[in-house]
Structures are given as structure tokens and as C-alpha cells.
Amino acid sequence: MDWWVSMPKVELHAHLNGSIRNSTLLELAGELGEKGTINFSDVEHVILKHDRSLREVFKLFDLIHIITTDHKIVTRITEEVVEDFAAENVVYLELRTTPKCALVHKRNDSIGMSKQSYMEAVVEGLRAVSTVEVDFGSHDLSTPADSSAISDKGNGSQRKKIHVRLLLSIDRRETTTAAMETVELALEMRHLGVVGIDLSGNPTIGEWATFLPALKFAREQGLSITLHCGEVPNPEEIQAMLSFLPGRIGHACCFEEDEWSKLKSSKIPVEICLTSNLRTETIPSIDVHHFADLYNSKHPILLCTDDSGVFSTSLSNEYSLASSSFGLGKAEMFQLARDAIGFIFANDVVKEELVKIFASAARNLDSWPQSCT
Ligand code: 6MZ
């Protein structure tokens, strides 16, 4: 495991509220239990449970959203999530989250949250990180100050560095108007590291046509798009999503022959979330996971966690799992991690920095197979 942790990695599919530490979630649930907002003993086993169906996962998200509907908590969880990814040598993180409003949230103290104030709390969380230097895009338009994974603080001491960019998620429960509001907010927040839009949420809810106007507008305005695609069987929607040519898609679990060939000719990169797919049983077992076919046919793919808190995983664990399940060595896995640089939504300045970080890691990693240097 140490080796997978020490390898630099790029994480492009991580939902903020799905990546909360269990310890934090239990602590926050305990506080709400004391206030009588929730019944802690009902909630505790739901948080600690590991195997849940896709339906149960979305019930858990509803519970998490009750627990995290407070600006201070949003700031805290953002800070912790970034610190956790940085601690396992994620050098570039695209963190996605659904801007939320809770105008009158009677069940806790958080009266008066807007989509904008929610996102401000997220950005506050990026600023609050202290264990690692966070670059979230403020120098994108100028020359990068430092292109290593370690930054010099100017007084001789050095700190690790992580690049973080934000994707705003549209929840499939939302209306066209609400989706458009999220896109407008993303446009206003581009100077704060927002680079794109994600479509996510319960895949059995909502229609593609509802979100299309907002997604088209986002793309016209220069935002990148990633779509949760094919988490459940829905050939018509999958075809429409692939025709839209998003920058990336997530999951691609329930594809039929026609959809595979359309995907492969489109070359749209696929965000693969192994543990998530297995836990939610959207894929019955690892030996039939489409990772193998896509990898062997050299289709662009990248490994991601999806919800590291909800599924008790980490990006290092996903690399370890892929390596042992598909018989891939350290050299191949390092190459897979490095190839993800090509699929990030940040600009070429950041890409060049990441290329240098991986080149330097290739020279320094212990027990490094000769073929990689
Ligand atoms: C679809 C998912 C998801 O946005 O509140 N989300 N949507 N499929 C998945 N696979 C299991 N995992 C997470 O993070 C939680 C939200 O992300 C989406 C859901 O809309 C969930 O409510 P944020 O930070």
C-alpha cells in the first residue's frame, strides 16, 4: 500500500459530501442527535454500513445533506477532504459539489444558505487548509510561481502542494432553471478555480432534456462538462449523452454493444470508480468490470474514488485494487496515473506543472522498475 500512497496521483471524480471522513460524519451526527434534530442511534449504523445498494446510497446522501447544511461545516469538510487527498499524494484534485440552498431549514441552525453562499463556504475551506499549500487557480492567467509538488515557503522550510479545481454539480432532481442558476454561478466563480460542470444525482430520476439547455450554455461559455452516464440501463439517454460529446463521463456501467462502440469511436475519457461500482452492485464483480476491456483497447480511462467516505476507500486503494485485480504492475499503474493529466479541466499551465511533478517522481520513487524512468 505504501507504494500506491507515495505515487503522485490525479483525482478527477470526487464528490465533496461523499468524501467526508467517517469520524467527522459521526461527530456531526452526534451533535445533531444531542439537539434532537436526528435520532443518532438510527443514523450511526447507516453511516458505518459498508455494502449499500445504489438506492440506499442516495438515502445516505439525503442524511449527509441534513448533517452538512451549515456554512461552517461545509468549510470544515472541504478543508478535511483536501487534506486527506493531499496526504495520499494526490497532486491535482477536481472536487465536485452540488451548490445548495436551504432558505428555511427548520431542522438545524442553518437558516439562509444560498447556492452562492454554499460555494463561498467551499472556497473558504480551500483557503483554510494548513497542512499543504493549495493552488486553486489564482495564478492561472500568469506565469506559475512553482512547478513542483513541494513548495518553498521562502524561509527554507518546504510544504507539499496540491492543485484543486472545482466542478459544480447539477443534481438530477433539479429543474432547467435551477440547473441554469448553477451554471451562472460557475461562470461567476471561474476566478476561484471553477472549471466545469458535472451532472450527477440519482440516475433513476430526471430527464436528459431537462439539463441539456444548461449544459449547452455552460459549454458555449467555455466551461468543461462531465456527465454521470450509464449508471443504470438507459440506452436512449446514454446515446444522447455520448452524442453531446462531454469532456469526460463517469461510470459507464450499463452500456450495451452499440454504446460501447459509440464510446470507443468518440474517445471520451471514462472516470472509473471500481469500489463504488462494486459496493452499489452496478457491476456484479471485479472480474467482469469494463476497466479491463477499456484498458486493453487503449480507450482513455482514469481511476477515481467517487465517494471515498461513503465507500471507505482512497485513491491509493483504487490503484492497488486495479493493480491486483487486472494484473498490472507499478510501471503500468504509474503510466495510468500520469495519463490522467491529459484529461484534467484546468489549463495547459497546470498540465505542464503536473508533467514535471510526475517526471520528478519517476526519478525518485523507491523500488522503481527500470522501464519507467
Ligand atoms: C450519482 C452521485 C454519486 O454534491 O453534495 N453523487 N451521483 N452517482 C453516484 N455514485 C454512487 N455519488 C455522489 O455530494 C453528494 C452528491 O453527489 C452526487 C449525488 O447527487 C449526491 O447527493 P455533494 O457534495
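An unreviewed UniProt entry annotates the protein chain as Adenosine deaminase domain-containing protein of Escallonia herrerae. Annotation of the protein chain in UniProt includes, under Catalytic activity (unreviewed entry), the sentence "N(6)-methyl-AMP + H2O + H(+) = IMP + methylamine".

**Some remarks on the overall build of the protein chain**
Along the protein chain, the regular secondary structure elements total 15 helices and ten strands. Relative to a compact globule of 373 residues, whose C-alpha radius of gyration would be 21 Å, the protein chain shows 20 Å and is just as compact. Projected onto its principal axes, the C-alpha coordinates of the protein chain cover approximately 60 × 60 × 45 Å. Within the span of the protein chain, comprising 373 residues, buried residues form 56% of the whole. In the protein chain, 72% of the contacts between residues at least 6 apart in sequence involve partners at least 24 apart. Of the accessible surface of the protein chain, which amounts to about 15500 Å², a share of 51% is contributed by carbon and sulfur atoms. Positive and negative charge centroids in the protein chain, built from 36 and 53 side chains respectively, lie 2 Å apart.

**So, empty space enclosed by the protein**
Tallying each qualifying case throughout the model produces one cavity of 30 Å³ or more. If you trace the largest cavity, you find it lined by Arg172, Pro203, His228, Cys229, Gly230, Glu231, Val232, Asn234, Glu237 and Ile238. Of all the elements in the fold, those that place two or more residues in the lining of the largest cavity are β7 (224–229) and α9 (235–244). Tallied by class, residues from the lining of the largest cavity come to four nonpolar, three polar and three charged.

**As for the pattern of salt bridges**
In total, this model carries 17 salt bridges according to the counting rule given. Note that Asp62 and Arg173 form a salt bridge whose closest N and O atoms lie 3.2 Å from each other. Residue Asp62 is found in helix α4 (residues 54–67), and its partner Arg173 is found in the loop between β5 (158–171) and α7 (176–188); the two are separated by 111 residues along the sequence. Looking at Asp62, the relative accessible area reads 37%, which means it is partly exposed.

**Things to note about the packing of aromatic side chains**
Applying the stated criterion across every chain yields a total of seven aromatic pairs. Summarising the aromatic geometry, the rings of Phe291 and Phe326 are spaced 4.6 Å apart at their centres and angled 20° between planes, so their arrangement reads as stacked. With Phe291 in helix α12 (residues 291–296) and Phe326 in helix α13 (residues 315–326), this pair connects stretches of sequence that are 35 residues apart. Accessibility classification places Phe291 together with Phe326 in one group, the buried group. Members of the aromatic cluster, joined through ring pairs, are Phe291, Tyr295 and Phe326. The side chain of Arg219 reaches across the aromatic face of Phe244, ending 3.9 Å from its centre. One Lys or Arg, Arg248, reaches over the ring of Phe345 and ends 3.9 Å from the middle of that ring.

**Details of the nonpolar core**
With 116 residues, the main nonpolar core has Ile162, Ile197, Leu215 and Phe291 as its most contacted residues. In terms of residues, this core owes the most to one element, α4, which gives nine residues. Other than its neighbours up to four places away in sequence, Phe291 contacts Ile272, Leu274, Ile301, Leu303, Ala322, Phe326, Leu328 and Leu336.

Analysis parameters
- Residues numbered from 1 in each chain as written.
- Predicted model: local features only at pLDDT ≥ 70, side-chain atom pairs only at ≥ 80, totals over all residues.
- Heavy atoms only, no water.
- UniProt positions renumbered as here; feature names shortened; annotations may be inferred.
- Helix = DSSP H or I, 4+ residues; strand = E, 2+ residues; numbered from the N terminus.
- Rg over C-alpha atoms; globule rule 2.2 N^0.38 Å.
- Buried < 20%, exposed > 50% of the residue type's maximum accessible area, 1.4 Å probe, protein only.
- Contact = heavy atoms within 4.5 Å.
- Areas by Shrake-Rupley, 256 points an atom, 1.4 Å probe, with all protein chains shown as cover.
- Lys, Arg positive; Asp, Glu negative; His and termini not counted.
- Charge placed at Lys NZ, Arg CZ, Asp CG, Glu CD.
- 1 Å grid on protein atoms, 1.4 Å probe; cavity = no way out; pocket = protein on both sides within 12 Å on 5 of 7 lines; lining within 4 Å.
- Points joined across faces, edges and corners; volume = space filled by probe spheres on them.
- Nonpolar A, V, L, I, M, F, W, Y, C, P; charged D, E, K, R; others polar.
- Salt bridge = Lys/Arg side-chain N within 4 Å of Asp/Glu carboxyl O.
- Phe/Tyr/Trp six-rings, centres within 6.5 Å; stacked < 30°, edge-to-face > 60°.
- Lys NZ or Arg CZ within 6 Å of the ring centre and 35° of its normal.
- Core = buried A, V, L, I, M, F, W, Y, C linked by side-chain atoms within 4.5 Å.

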